[in-house]
Amino acid sequence: MSLNEAGHGVLNDHNGEVILEVKGITLRFGGVSAIEGISFDVEEGEVRAIIGPNGAGKSSMLNVINGFYHPQEGEVWFRNKLRGPMKPYQIAYQGIARTFQNIALFKGMSTLDNIMTGRFTHMNSGLISQALWIGKAEQEEFLNREKVEHIIDFLEIQQIRKTAVGRLPYGLQKRVELGRALAAEPKLLLLDEPMAGMNVEEKEDMSRFILDVNEEFGTTVVLIEHDMGVVMDIADRVVVMDYGKKIGDGSPEDRLYSLIWRKTMASQMSDAEIERTT
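Residues numbered from 1 in each chain as written. Predicted model: local features only at pLDDT ≥ 70, side-chain atom pairs only at ≥ 80, totals over all residues. Heavy atoms only, no water.

1. Some remarks on a nonpolar patch on the surface
Taken together, the side chains of Tyr89, Tyr93 and Phe120 define a hydrophobic patch exposed on the protein surface, amounting to about 360 Å² of accessible area. Considering the arrangement of structural elements, one finds Phe120 in the loop between helix H3 (111-116) and helix H4 (127-132). The class for Phe120 is partly exposed, based on a relative accessible area of 49%. (Patch = residues over 30% accessible without salt bridge, like charges linked within 9 Å, V, L, I, M, F, W, Y side chains within 5 Å. Areas by Shrake-Rupley, 256 points an atom, 1.4 Å probe, with all protein chains shown as cover. Salt bridge = Lys/Arg side-chain N within 4 Å of Asp/Glu carboxyl O. Helix = DSSP H or I, 4+ residues; strand = E, 2+ residues; numbered from the N terminus. Buried < 20%, exposed > 50% of the residue type's maximum accessible area, 1.4 Å probe, protein only.)

Structure, rendered in structure tokens:
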């Protein structure tokens with residue numbers, strides 16, 4: 001469902017149609033290749049994980065999808081259309097939203113106001129009407145506020161809605177950032193290490209929210225995550241990257257594929273995590 005049907009969720013079916021496809025993406029910074037000839041697709045309604053050790057090029061791939069980086073080679077297809085060079089705000093209008101590895105919130109603003117900034121792509125009234133707060137601008141404000149309040153309820157952060165985010169603990173700031181991305185009502189949600197720095201309880205909460213976003217809102221999710229237990233639990237398919245190259249692509253249940261990712265990630269996994277993925 002979309003947020004237009006706030007509070008009346010229906011389970012999402014993974015229908016197998018491709019919503020995003022990257023073909024032969026190569027990204028270089030000077031003489032250094034961050035990504036070399038990577039191709040994969042994302043099916044509508046799935047949770048697609050990208051894993052690999054630090055420096056593998058995972059965040060660079062999200063930056064390509066999000067329009068922050070423009071690759072020297074390759075193509076990005078979104079909803080069956082070849083996408084040319086575009087700026088991030090233009091891609092946001094297409095229906096792609098994201099969170100960041102390092103939290104990028106307005107620390108002096110409240111939780112409510114931070115999430116409201118995610119409604120930017122749904123604000124169409126003119127500058128004058130916004131300044132005077134009349135007519136269409138007033139109607140938009142009420143509609144956008146209603147949708148933001150629904151997100152606040154969904155993420156269970158009602159008690160901090162008026163609190164400046166700079167005063168919040170790290171885990172709650174991550175939740176607010178997720179809320180801001182959801183406010184855009186994206187078709188494709190990009191999450192860059194959404195559980196980094198969290199304790200076990202916070203990871204469990206975030207995993208639940210991601211699954212609920214996917215199932216109830218019907219939002220396709222692409223996430224980067226280092227916790228292999230989380231990836232095994234919530235991902236439908238996983239891409240494994242190492243030194244800018246794709247070395248594996250499959251489901252968490254695939255045995256050969258699981259061997260590839262455990263070998264690649266072993267240096268960053270605890271004994272408990274390795275045991276969980278065995």
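2. Re the layout of surface pockets
Estimated volume of the largest pocket: approximately 490 Å³. Considering the residues around the largest pocket, the lining is formed by 20 residues, among which Ala92, Arg98, Thr117, Gly118 and Arg180 are closest to the centre. Elements with a contribution of two residues or more to the lining of the largest pocket: helix H2 (88-94), strand E6 (96-98) and helix H6 (170-183). Looking at the lining of the largest pocket residue by residue, the class counts come to 13 nonpolar, five polar and two charged. (1 Å grid on protein atoms, 1.4 Å probe; cavity = no way out; pocket = protein on both sides within 12 Å on 5 of 7 lines; lining within 4 Å. Points joined across faces, edges and corners; volume = space filled by probe spheres on them. Nonpolar A, V, L, I, M, F, W, Y, C, P; charged D, E, K, R; others polar.)

3. Examining the nonpolar core
When a protein is soluble and globular, its nonpolar side chains tend to lie buried together. Core analysis: the biggest nonpolar cluster contains 43 residues, and Ile115, Ile157, Val176, Leu178, Leu182 and Leu189 have the highest contact counts within it. Examining the composition of this core, we find that six residues originate from one element, H6, more than from any other. With residues up to four places along the chain from it excluded, the contact list for Ile157 reads Thr111, Ile115, Ile152, Leu172, Arg175 and Val176. Counting 27 residues, the second largest nonpolar core, distinct from the first, contains Leu27, Val76, Leu188 and Ile224. (Core = buried A, V, L, I, M, F, W, Y, C linked by side-chain atoms within 4.5 Å. Contact = heavy atoms within 4.5 Å.)

4. Section: empty space enclosed by the protein
Counting across every chain of the model gives one cavity of 30 Å³ or more. Empty space within the largest cavity amounts to approximately 40 Å³. With three residues, H6 is the largest single contributor of residues to the lining of the largest cavity.

5. Looking at the pattern of salt bridges
In this structure the tally under the stated criterion is 14 salt bridges. Taking the shortest distance from any N to any O, the salt bridge between Arg48 and Glu46 comes out at 3.8 Å. By relative accessible area, Glu46 is classed as buried at 0%. In this structure, a network of salt bridges that share partners links the residues Asp41, Glu46, Arg48, Arg237, Lys246 and Asp249.

6. Quick notes on helix H1 (residues 58-66)
Of all nine residues in H1, eight are buried; the element is thus mostly enclosed. Within the sequence span of H1, burial applies to Lys58, Ser60, Met61, Leu62, Asn63, Val64, Ile65 and Asn66.

7. Some remarks on the confidence of the model for the protein
For the protein, the mean per-residue pLDDT works out to 84, and 81% of the residues sit at or above 70. Contacts for the low-pLDDT stretch residues 1-12, under 50 throughout, to residues beyond four places or in other chains number 29 contacts. (pLDDT = per-residue confidence, 0-100.)

8. So, the sheet that holds strand E7 (residues 188-192)
Spatially, six strands are ordered E6-E7-E8-E3-E9-E10 in an open sheet, and the strand pairing comes out mixed. One side of each edge strand has no neighbouring strand; the edge strands of this open sheet are E6 and strand E10 (245-250). Recorded for the sheet is a direction-independent mean angle of 20° between the axes of neighbouring strands. On top of the sheet, H6 reaches E6 and E7; it is set at about 155° to E7, its chief contact. (Pairing = 2+ DSSP bridges. Axes fitted to C-alpha atoms, helices over the stretch in contact; angles between N-to-C directions.)

9. Digging into the sheet that holds strand E1 (residues 18-29)
Ordered by their spatial adjacency, four strands build an open sheet running E2-E1-E4-E5, and the pairing between neighbours is antiparallel. The strands lining the two open edges of the sheet, one partner per strand, are strand E2 (32-43) and strand E5 (81-83). On average, adjacent strands in this sheet sit at an angle of 25° to one another, irrespective of strand direction. Bridge count between strand E4 (residues 73-78) and E5: three bridges; the pairing is antiparallel. Along E5, the bridge assignment pairs Trp77 with Leu82. Running at roughly 115° to E1, H1 makes contact with E1, E2, E4 and E5 of the sheet.

10. Observations concerning the side chain of Arg48
The topology assignment puts Arg48 in strand E3 (residues 47-51). Using a relative accessible area of 0% as the deciding quantity, one classes Arg48 as buried. Among the polar contacts made by the side chain of Arg48, one reaches the side chain of Asp249 at a distance of 2.8 Å. Beyond its immediate stretch of four places on either side in the chain, Arg48 contacts Phe40, Asp41, Val42, Val221, Val222, Leu223, Arg237, Val238, Val239 and Asp249. (Polar contact = N/O pair within 3.5 Å; in protein donor to acceptor, adjacent residues only side chain to side chain.)

11. Quick word on helix H7 (residues 200-216)
Its 17 residues place the ends of H7 24 Å apart at the C-alpha level, agreeing with the 24 Å of an ideal helix rising 1.5 Å per residue. If you check which residues of H7 are buried, you get Met206, Ser207, Phe209, Ile210, Asp212, Val213 and Asn214. Near the N-terminus of H7, the side chain that reaches the backbone nitrogen of Glu201, with its oxygen 3.2 Å away, is that of Asn199. In the stretch just after H7, Gly218 is the one whose phi turns positive, near 75°. (Expected span 1.5 Å × (residues − 1).)

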